[in-house]
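# Observations on the model geometry
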Amino acid sequence: MHLLSACCVCALLITTLLSRVSGLDTVIGIYGETLEIPCNIKADDAIITKWKYDKGEGLPGDLLVKQTNQNAVITATDEYKDRVSMAENSSLLLSAARLTDQRTFTCMVVASADITEYPVNVVIYKMPEGLEISDKAEELEIGKLTKLGTCVAQDANPAANITWLKNNKPLVADGKGISIQASVLVDPVTGLSTTSSILEYSAEKEDTNAQFTCSTQHTGGAELVSSPATFTITYSTENIVLQVIAQDPLVEGDNVTLKCVADGNPAPTSFNFHLKEEMVKVENADTYTIMNVSRDASGEYKCSLIDNPMLEASEDITVNYLDINLSPSGNIVKRAGEALNLTLRIDASGEPKVSWTKDNVKMDKEPKFKTLSYSDSGRYECEVAMGLLSRKASVELLVEGAPVIKQLSKRRGEDGQHKVLICEAEGSPKPAVTWSINGTSPDESPFVNGKITHKITVVPSANLTVSCTVTNEFGMDTRAINVSSYQSEDSDQTKLVVGVVVGLLIATMIIGLAYWVYMKKSKQGSWKTGEKENGSSEEEKKLEEKVEENSQKAEV
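A brief structural summary. If you're wondering where the values come from, they're calculated on a predicted model, not measured in any experiment.

## Looking at the overall build of the chain
Per the secondary structure count, the chain includes 3 helices and 40 strands. Put simply, the chain has 556 residues, and 35% of those count as buried. A fraction of 58% describes how many contacts in the chain between residues 6 or more apart in sequence connect residues 24 or more apart. A total of about 32,900 Å² of accessible surface is found on the chain, and carbon and sulfur atoms cover 49% of it.

## Digging into the sheet that holds strand β8 (residues 92-94)
Taken in spatial order, the 3 strands line up as β3-β8-β7 in an open sheet, and their pairing is antiparallel. For this open sheet the edge positions go to β3 (35-37) and β7 (84-86), each flanked by a neighbour on one side alone. On average, each strand axis in the sheet is inclined to that of its neighbour by 25 degrees, with strand direction left out of account. By the bridge criterion, 3 bridges tie β3 to β8 in an arrangement that is antiparallel. When the sheet's bridge partners are listed, Glu36 is paired in β8 with Leu93.

## Things to note about the sheet that holds strand β23 (residues 271-275)
Overall, antiparallel pairing links the 4 strands, which are arranged β24-β23-β26-β27 in an open sheet. The open sheet is flanked by β24 (278-282) and β27 (312-317), the only strands paired with a single partner. Adjacent strand axes in the sheet meet at a mean angle of 20 degrees, parallel and antiparallel pairs treated alike. Inspection of the sheet shows β23 paired to strand β26 (residues 299-305) by 5 bridges, in the antiparallel sense. Looking at the pairing, Asn272 lines up with Ser304 of β26.

## A word on the layout of surface pockets
As a volume, the second largest pocket reaches approximately 150 Å³. Around the second largest pocket, the lining residues are Ala46, Ile47, Ile48, Thr49, Lys66, Gln67, Thr68, Asn69, Met86, Ala87, Glu88 and Ser90. Among the secondary structure elements, those contributing two or more residues to the lining of the second largest pocket are β4 (46-56) and β5 (59-67). Looking at the lining of the second largest pocket residue by residue, the classes come out as 5 nonpolar, 5 polar and 2 charged.

## Looking at the state of the cysteines
Tallying each qualifying case throughout the model produces 4 disulfides. Across a sulfur-sulfur distance of 1.9 Å, Cys39 and Cys107 are joined as a disulfide pair. As the torsion about the S-S bond is roughly -65 degrees, the Cys39-Cys107 disulfide counts as left-handed. With Cys39 in the loop between β3 and β4 and Cys107 in strand β9 (residues 104-111), the pair connects residues that are 68 residues apart, well separated along the chain. Judged by its relative accessible area of 0%, Cys107 falls in the buried class. When the bonded cysteines of the chain are counted from the start of the sequence, the pairing works out to 1-2, 3-4, 5-6, 7-8.

## Section: the nonpolar core
Counting residues in hydrophobic clusters, the biggest one holds 25 residues, and the most contacted among them are Ile37, Trp51, Leu63, Tyr80, Leu92 and Phe105. Counting only elements with at least two residues in this core, the list comes to β3, β4, β5, β7, β8, β9 and β10 (115-125). When residues in this core are grouped by element, the largest group, 4 residues, is from β10. In this view, Leu92 contacts Leu35, Glu36, Ile37, Trp51, Leu63, Leu64, Val84, Ser85 and Phe105; residues no more than four positions away in its chain are not counted. Counting 23 residues, the second-largest nonpolar core is a separate cluster that includes Ala137, Ala210, Leu224 and Tyr235.

Reading the values: rules and limits
- Along each chain, residues carry numbers from 1 onward, in the same order as the chain's sequence is written.
- For a predicted model such as this one, the threshold for reporting local features is a pLDDT of at least 70, and the threshold for listing and counting side-chain atom pairs is 80 or more; totals across whole chains, interfaces and linings nevertheless cover every residue.
- For the side-chain quantities, the full set of heavy atoms in the structure was used; hydrogens and water were omitted.
- Each helix is a run of H or I in the DSSP string that is no shorter than four residues. Each strand is a run of E no shorter than two, and both are numbered from the N terminus.
- We call a residue buried when its accessible area falls under 20% of the maximum for its residue type, exposed when it is over 50%, and partly exposed in between, using a 1.4 Å probe and counting protein chains only.
- Throughout, a contact is declared for two residues whenever any of their heavy atoms are within 4.5 Å.
- Computed with a 1.4 Å probe, the accessible areas rest on the Shrake-Rupley method; for each residue, only the protein chains presented here act as cover.
- Two strands make a pair as long as DSSP finds a minimum of two bridges between them.
- Fitting a line to C-alpha atoms yields each axis, with helices limited to the stretch in contact; the angle taken between N-to-C directions then spans 0 to 180 degrees.
- Think of a 1 Å grid over the protein atoms and nothing else: a 1.4 Å probe that fits but is trapped marks a cavity, an open set flanked by protein within 12 Å on at least five of seven lines marks a pocket, and residues with an atom within 4 Å of a point count as lining.
- Grid points are joined across faces, edges and corners, and a volume is the space filled by probe spheres set on the points.
- Think of it as three bins: nonpolar holds Ala, Val, Leu, Ile, Met, Phe, Trp, Tyr, Cys and Pro, charged holds Asp, Glu, Lys and Arg, and polar takes everything else, Gly as well.
- When two cysteine sulfur atoms are found within 2.5 Å, that pair is recorded as a disulfide.
- To define a nonpolar core, start from buried Ala, Val, Leu, Ile, Met, Phe, Trp, Tyr and Cys residues and group those joined through side-chain atoms within 4.5 Å.

In structure tokens:
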């Protein structure tokens, strides 16, 4: 219940309101409060001031009288004898105002030369003691006109006018979804009025959680508002939804819960669950759980109302599965040069993606082995993914075979006094490397992908042939290389230099002879244009430069 500011109410209670009604001034008083009725007669020589009231049927009743320089004397003998007094300004003070005080009170002043009367009409207002919604409905049904409740404004004067509100917006009777009936009951003892207003209302879905109140704006000033009331809105089910509650992705072995959600209020509590070719009736629950699903459980599922089987909802369920089979798998040992056929079989509920790695390094494509080499040895792993679901399979391939020397070479040492012999071989298991001579600083590379490199350092004193031999359990291979001493290499280099010089001299002589023949022919011929003469001159210069260049090389 809400009141206006207390200050405003107090001011209203202590202020008399004057208005002109039927030629008389009217004073409005507040029920239960002290009422001051003014005596608006100006007489400086007043001798006697008297107050009286109209008993009805023209009969007057005395209240009190006051002579100049004397106290007022109460002359009333009825209900007013304990309630009346006179203020210093000659106003009549009437305590505990009640509805029976709504009559005419007259002030009479006797002066030395005249007698004057001032009649005043009194009206008493009383605000309702409060607003309350009673006889509230337990629930409201959509589309059905139902008595929502009764709003009562008790003990008021004049009778209160009641307004119904929904969410603080006034409701107006329309003869269809809103009906308002008001009645007033008057207390025969106090004369106060009690107003009752009955609201009949046809609810809608939107009225769920709506707040209904009633209010009155009384003539006395303050607005009263009742406490809000909310109602349960009932309506039959119009829509139904089947929810699938499961892990994502749903895979074999998981549990699936089916939940049937209906929009009725109150909501249905019993449902039929259609599990492919089987129907299960569930009472006092809206869920059904399927345990340990398999791939055969994929399909359409439905739920419906028991009392209305035509109202149903459906949902497709897919049980994801991903099976892979890599053949062969595990540890595989093959001979070099053989073929290996890797077969990956996939059984999946969707479109999978396949990726391969070799020794944890991603491969660009699926491995194919038409002719196995030692470098094909390693761990191959495939990963098949379908959404969040993935499977892996692997094979450990070992390629074995007799060793083969791929290259036998030599080079000068860094100090120029030694020679380094290099033997590169392939084979598996790791081949053992031996040399036909003893060298120094042996160096062997790591055995990777069936390859090994072995180096030794030698200082040959004479020309000799050195062989490298590689062996393992499957066989052996040998290759030889000629190694010359540094003295023979120096002699060979001298012979090479002499040969180069002689060759250059012979080339110079040939070019010179060709030039002489050319010049001789040029002098015998004739040229008809200046352009040909210029061209001949340029060619002669080129030949001369070439001869000069070869001569310099010969000198070197």
